[in-house]
Structure formats: C-alpha cells, structure tokens
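Residue-level listing of the chains:
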Amino acid sequence: MNRLIVAYKPSGIGSNKFLYTLKRKYSEKKAGFAGTLDPFAKGVLLVGFGSHTKLFRFLNKTPKTYRATLWLGAKSDTLDSEMIKDIEILPELSQQKVAEVIQSLEGDLEYEPPIFSAKRINGERAYDLARAGREVVLNKINSTIYSTKLIHYSHPYVTFEATVSEGTYIRSLGLIVSQRLGIEFGSLTMLERLNEGQFFYENEKALDIKSSLNIPQNYYLGDYDNIRYGRVLALKDFKVQEAGTYWIDNGNYISVVTLNAADVKYELGRIEC
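Attention here is on the structure that accompanies the text. Predicted, not measured: the structure shown is a model, and the values here were computed from it. (Residues numbered from 1 in each chain as written. Predicted model: local features only at pLDDT ≥ 70, side-chain atom pairs only at ≥ 80, totals over all residues. Heavy atoms only, no water.)

Points about the side chain of asparagine 226
And then number 1: You can see asparagine 226 is positioned in helix α5 (residues 225-228).
And then number 2: Its relative accessible area of 17% is what places asparagine 226 among the buried residues. (Helix = DSSP H or I, 4+ residues; strand = E, 2+ residues; numbered from the N terminus. Buried < 20%, exposed > 50% of the residue type's maximum accessible area, 1.4 Å probe, protein only.)

Shown next, in the form of structure tokens:
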C-alpha cells in the first residue's frame, strides 16, 4: 500500500509505538512518520506507507501550530508534568499581562532546548544523559514564532497556541513565558500539535500527493520511457530549465528531479500517486 495520511497520536504513547499500531491496522510493513511527537504530546502525525515514506522532505509541512497548557510555578526537569518535583503557590496575575507575555514570544527567538530532548551530545541523546543523572549542556537554538494566542487563563494554568518553525520546543516556550511573568518555573500539562503546514487531521483519509508537495511542477517534453526506465535526462527536454527541484507528472506516477546547469539528477524514481 502506497499512501500518505494524517494520523492523530494520543498522549501517553511514543511515536514509534503508535506507528506500529498503524502498521497493524493497515497490514503494512513499511511505514514512517515526519516530525516525531514526544510520548507526552498528542496530535497530528504525518504518516507515509510504502514508497510514500520517501516524500516527507518534499511536503509542505511547515509552519506547525501547537496548543499547550502551562502550569505556572510547577518545577520539572522535563518541563512537563512527567517529573514535577516542586510547586510554588503564586498570586493570580492579570489576564492582560499574561496575554502580553504570550504575544512577546513572536519573532525570532534564541533559547536553550530542554535537557530532556532528542538532541545529540557526542553521539548520545540528551534525554538519555539526563535520565542517567549526567550533566547536559546544550547550545542555544533559534526558532521563528510566527504567531501566538492566549486561549484561556485560569490561574495557575495558561492555555495558549503558537505557530512556529520546524524544530521549535514548545516546552521551552512555556518556561520562557513563566520567566517573563517573573516566575522561576513552569511546566506543560498538555501539548497538542494541531497541524503540520497544510496538513490537518481528517480521519486518516488518503492525501492527494500532487497538491501536498512544496516544490513546483515541471514538464518533460522528451520520451517518457526515459523516465520510466531511469535513463539519463537532458536539460533541454524540460519546459522549465531553471535550476531547482521539480515534480513531473507521469500519469499514475510522479518523479522528482533536480535541474542544474550541468545535468539532471533523479531525486526520486517513479512514485505511485
């Protein structure tokens, strides 16, 4: 089965284990996902079966939007409710102040990722080092926060949404919100991914590949048997000859190629669509 779907991962299960349940559901051995979700998080997971697992890097899957609930004053090394070890009782804040701080996240943001993350340090995952009690020092990273919105504030819980660039750590955003409110600690009690770019959850319906690609279409004017059999392609046989990566419609199949001044390179062979 060659298919691309948007699944909805529940909280409390890892992305790999959830993928295994989908393999069993669809009786398909080959499957993969784009943009892993922590076990704590729930929401949209873009899943490919069969040859469609090769398409992830060509899909329009950014920016991503998340909804999160932040517990002000809750201290946790994981920055979520998994390892809360202290709770500070705080006076209630004004909703206007909370909304202003949420909005202050917008723009380019430099910050430290959580020590409980999949970042690698000398080949080891940061979360493995942290769980072993070893020192974890991570370099700061940069994210773009395109938009934010305060959804609800019921002290000490703040629910907000953020539309962000790929690789953004929403748990870190929660801590930043807490600290900008003058509170030392804050941890997420809920995290949900609402979409990955143009992809939203719609009961796992099969997606139209051609409208999901984030690269332009091109047209091959030569003999299509050349593509069918993986022969060398000439730049002069393409309608658009500018350098770039394009998809080509072969009827029931698509191919992805990269053009430059010297030659034409196959990025993907024939993919059923």
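Focus on the nonpolar core
And then number 1: Leu72, Val158, Phe160, Ile170, Leu173 and Leu191 are the most contacted members of the largest nonpolar core, which totals 31 residues.
And then number 2: Secondary-structure elements contributing two or more residues to this core are β4 (64-72), α2 (95-103), β7 (107-111), β10 (141-154), β11 (157-164), α4 (170-180) and β12 (186-196).
And then number 3: Those residues in contact with phenylalanine 160 that lie beyond four places of it in its chain are Tyr66, Arg67, Ala68, Leu70, Ile102, Lys149, Leu150, Ile151 and Ile170.
And then number 4: Val6, Phe58, Ile215 and Trp247 belong to the second-largest nonpolar core, a separate cluster that totals 19 residues. (Core = buried A, V, L, I, M, F, W, Y, C linked by side-chain atoms within 4.5 Å. Contact = heavy atoms within 4.5 Å.)

Quick look at the environment of isoleucine 151
And then number 1: Here isoleucine 151 is to be found in strand β10.
And then number 2: Exposure remark for isoleucine 151: the relative accessible area of 33% places this residue in the partly exposed category.
And then number 3: With 82 residues separating them in the primary sequence, isoleucine 151 and threonine 69 have C-alpha atoms 9.3 Å apart.
And then number 4: If near-sequence neighbours (up to four positions away) are discounted, isoleucine 151 is found in contact with Arg67, Thr159, Phe160 and Glu161.

Considering α2
And then number 1: Looking at α2, one finds that the buried residues are Val98, Val101 and Ile102. End-on, the buried residues of α2 take up no more than an arc of 100°, which puts them together on one face. Facing away from the buried side of α2 by more than 90 degrees, the exposed set consists of Gln96 and Gln103.
And then number 2: Close packing links the buried residues of α2 with β10, β11 and α4. (Arc of directions from axis to C-beta.)

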